[in-house]
Amino acid sequence: MVYPIVKYGNPVLEREAETVTEFDTPELHKFLDDMFESMYAAKGVGLAAPQIGISRKIAVIDCSNGENPEEKLVLINPSIVKIEGKQEGEEGCLSIPGFREQVRRGKRVTARAQNAKGEEIEIVGEDLLARALLHETDHLYGRLYITHISALKRDLMKRKIKKLMKAGEW
Ligand SMILES: [Zn+2]
């Protein structure tokens, strides 16, 4: 099932999601399948559950855009434990369509999380994967990438979004 993507302005995107406590249930496996399906349908490389209106600490990532099953990652209750180096690059978000901004992120990132079975996993990512790990983990704590850009750029973006909302185009 493909869920519609929740857009900026919906409070679910700006609050910390609930910790997952039940693992390996048919419901969880179905939900993860739906998250991948929703992410591919929206052409994203990552998706966090709050982006489909579900406030649970679950994110999926696939930097291969569905080309390589080995790159499919499930992160449940993730936390970032190490950030090394820096990278500059453009970043966007499925929940803030039509906008992209330069965001400085760590170049190499270590995340700890649980998988669908509840087992502890550690993921080390560089470049795009590092960016995705940071971006999606942020989502689960109610932080959007626009919190990492200047206040000036953020205000400009918010004003544009407000206009779109008024015009019924958001
Ligand atoms: Zn996002």
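Computed from a predicted structure; not experimentally measured. (Residues numbered from 1 in each chain as written. Predicted model: local features only at pLDDT ≥ 70, side-chain atom pairs only at ≥ 80, totals over all residues. Heavy atoms only, no water.)

**Focus on the coordination of the zinc ion**
Ideal geometry at a metal centre: 109.5 degrees between donors when four sit tetrahedrally, and 90 or 180 degrees when six sit octahedrally.
Thinking step 1. Around the zinc ion, the protein contributes the donor atoms C93 (SG), H135 (NE2) and H139 (NE2), at 2.0 to 2.3 Å from the metal centre.
Thinking step 2. Written as a sequence motif, the donor residues of the zinc ion are C-x41-H-x3-H. Of this pair, C93 sits in the loop between β4 (87-91) and β5 (101-105) while H139 is found in helix α2 (residues 128-140), placing the two residues 46 residues apart along the sequence. The same class applies to C93 as to H139, namely buried. (Donors = N, O, S within 2.8 Å, 3.2 Å for Na, K, Ca; no water. Helix = DSSP H or I, 4+ residues; strand = E, 2+ residues; numbered from the N terminus. Buried < 20%, exposed > 50% of the residue type's maximum accessible area, 1.4 Å probe, protein only.)

**Observations regarding α2**
Thinking step 1. Its 13 residues give α2 an end-to-end C-alpha distance of 19 Å, which sits within 8% of 18 Å, the value for a rise of 1.5 Å per residue.
Thinking step 2. Burial runs high along α2: 11 of the 13 residues are buried.
Thinking step 3. Of all the positions in α2, only A130, R131, A132, L133, L134, H135, E136, T137, D138, H139 and L140 are classed as buried. (Expected span 1.5 Å × (residues − 1).)

**Quick look at the pairing of β4**
The side chains of a regular strand alternate, residue by residue, between the two faces of the sheet.
Thinking step 1. The alternating pattern of β4 places Q87, G89 and E91 on a buried face, while none of E88 and E90, on the opposite face, is buried.
Thinking step 2. Inspection of the sheet shows β4 paired to β5 by 5 bridges, in the antiparallel sense. Pairing of E90 across the sheet is with Q102, part of β5. (Pairing = 2+ DSSP bridges.)

**Here we look at the pattern of salt bridges**
Thinking step 1. A full pass over the atoms with the stated rule returns 14 salt bridges.
Thinking step 2. For E91, the salt bridge identified is with R105, shortest N-O distance 2.7 Å. Here E91, found in strand β4, pairs with R105, found in strand β5; they are 14 residues apart in sequence, far enough to count as distant.
Thinking step 3. According to the relative accessible area criterion, R105 is buried, its value standing at 6%.
Thinking step 4. Across the pair D138 and R143 runs a salt bridge, and its minimum N-O distance is 3.0 Å. (Salt bridge = Lys/Arg side-chain N within 4 Å of Asp/Glu carboxyl O.)

These figures come from the coordinates and say nothing about function on their own.
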